[in-house]
Amino acid sequence: MNDRPVTLAAVAGAHGVTGEVRLKLFGDGVDSLRAHEAFNDGALTLLKVRSDRKGGAIARFAEIADRAAAERLRGTALTVPRSALPALDDGEYYHADLLGLSAQTEGGEPLGTVVAVENFGATDLVEIERPDGKRFMVPLIDAAVPGWDAARLVVAAAFAEQ
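Criteria and thresholds
Residues numbered from 1 in each chain as written. Predicted model: local features only at pLDDT ≥ 70, side-chain atom pairs only at ≥ 80, totals over all residues. Heavy atoms only, no water. Salt bridge = Lys/Arg side-chain N within 4 Å of Asp/Glu carboxyl O. Buried < 20%, exposed > 50% of the residue type's maximum accessible area, 1.4 Å probe, protein only. Core = buried A, V, L, I, M, F, W, Y, C linked by side-chain atoms within 4.5 Å. Helix = DSSP H or I, 4+ residues; strand = E, 2+ residues; numbered from the N terminus. Contact = heavy atoms within 4.5 Å. Phe/Tyr/Trp six-rings, centres within 6.5 Å; stacked < 30°, edge-to-face > 60°.

Colleague: Help me understand the pattern of salt bridges in this model?
Modeller: Pairing between side chains of opposite charge can happen when the charged atoms of each approach one another. In the structure shown here, the tally under the stated rule is nine salt bridges. One salt bridge in this structure joins E71 and R74, with 2.9 Å as the shortest N-O distance. Residue R74 is classed as partly exposed on the basis of its relative accessible area of 46%. Here E127 makes a salt bridge to R135, at a shortest N to O gap of 3.7 Å. Within this structure, E20, R50 and R60 form a network of salt bridges that share partners.

If you want it as C-alpha cells, here you go:
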C-alpha cells in the first residue's frame, strides 16, 4: 500500500488570541482527528480538538502559542500517513487511494488518470484526465466503475466519454 500523506483537514485561520485554529474538515468529523496525536510528519502535535458546531473544528497544537503563529498556519493541510488510517471493509475506500490510478475501459483501453474525487450530494464522482488534458467525471457506482485495485480503475465503456 502506498503510504503517501492523506489530508484530513486544513487550517482556515486563527480562533481567538491564544493560538487555537479553525479547521475545515475533510474526514468523518472531529473524531477522525482525535485518532491522531501528530500531523505533518510530527510537525504539529494535537493537544485538543472540538467541534465548532458548523461542520468544522477548533484545535490547539502544542507548537502554536499565540494568534500570530495560528494565522501563519492558515491554508496548512493537516496530513497523516495512509498507514495511520483505519482498515476498511470490502467496497469501502479512501479518496486518496483512488487518486493517481490509471483509468481504463473493461476492454483495457486507456482513458487517463484519476485526478479528483468529488461529491455533490448524491454519490462520489471520479474525475479522469485524458492524456490531452480534457477531463470527464464518472459516478462511483457498480454500473459505471465495475472495479479497481491498487494499480487501475476500470470504467464501463458506456460511461467513458469519447
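Colleague: Even after reading the chapter, I still don't get the nonpolar core, so can you show me in this structure?
Modeller: General note: in soluble globular proteins, nonpolar side chains tend to be found buried as a group. Counting residues in hydrophobic clusters, the biggest one holds 26 residues, and the most contacted among them are V21, L23, L33, F39, F61 and L78. Listed by contribution, the elements that provide at least two residues to this core are β1 (5-15), β2 (20-25), α1 (30-34), β4 (44-51), β5 (57-61), α2 (67-72) and β6 (77-81). The dominant element in this core, judged by the number of residues it contributes, is β1, at five residues. Beyond its immediate stretch of four places on either side in the chain, L33 contacts L8, A9, L23, L25, F39, L46 and V49. One finds L111, V117, V145 and L153 within the second-largest nonpolar core, a separate group that totals 16 residues.

Colleague: Honestly, the side chain of D124 in this entry has me stumped. Any pointers?
Modeller: Structurally, the position occupied by D124 is in strand β9 (residues 124-129). Those residues in contact with D124, other than ones at most four positions away along the chain, are Y93, H95, V117, E118, N119, V138, P139 and L140.

Colleague: Looking at this model, I keep getting lost on the packing of aromatic side chains. Mind explaining?
Modeller: How two aromatic rings sit relative to each other is set out by the distance from centre to centre and by the angle between their planes. Taken as a whole, this structure holds two aromatic pairs when the rule is applied. Judged by centre distance (6.3 Å) and plane angle (85°), the rings of F39 and F61 are edge-to-face. Of this pair, F39 sits in strand β3 (residues 38-39) while F61 sits in strand β5; the two residues are 22 residues apart in sequence, bridging distant segments of the chain. Pair check on accessibility: F39 and F61 agree, each one buried. Between Y93 and W148 the ring centres are 5.3 Å apart and the planes differ by 90°, which places this aromatic pair in the edge-to-face class. A residue pair is termed long-range when its members are at least 10 positions apart, and Y93 in the loop between β6 and α3 (95-98) and W148 in strand β11 (residues 147-148) qualify at 55 residues.

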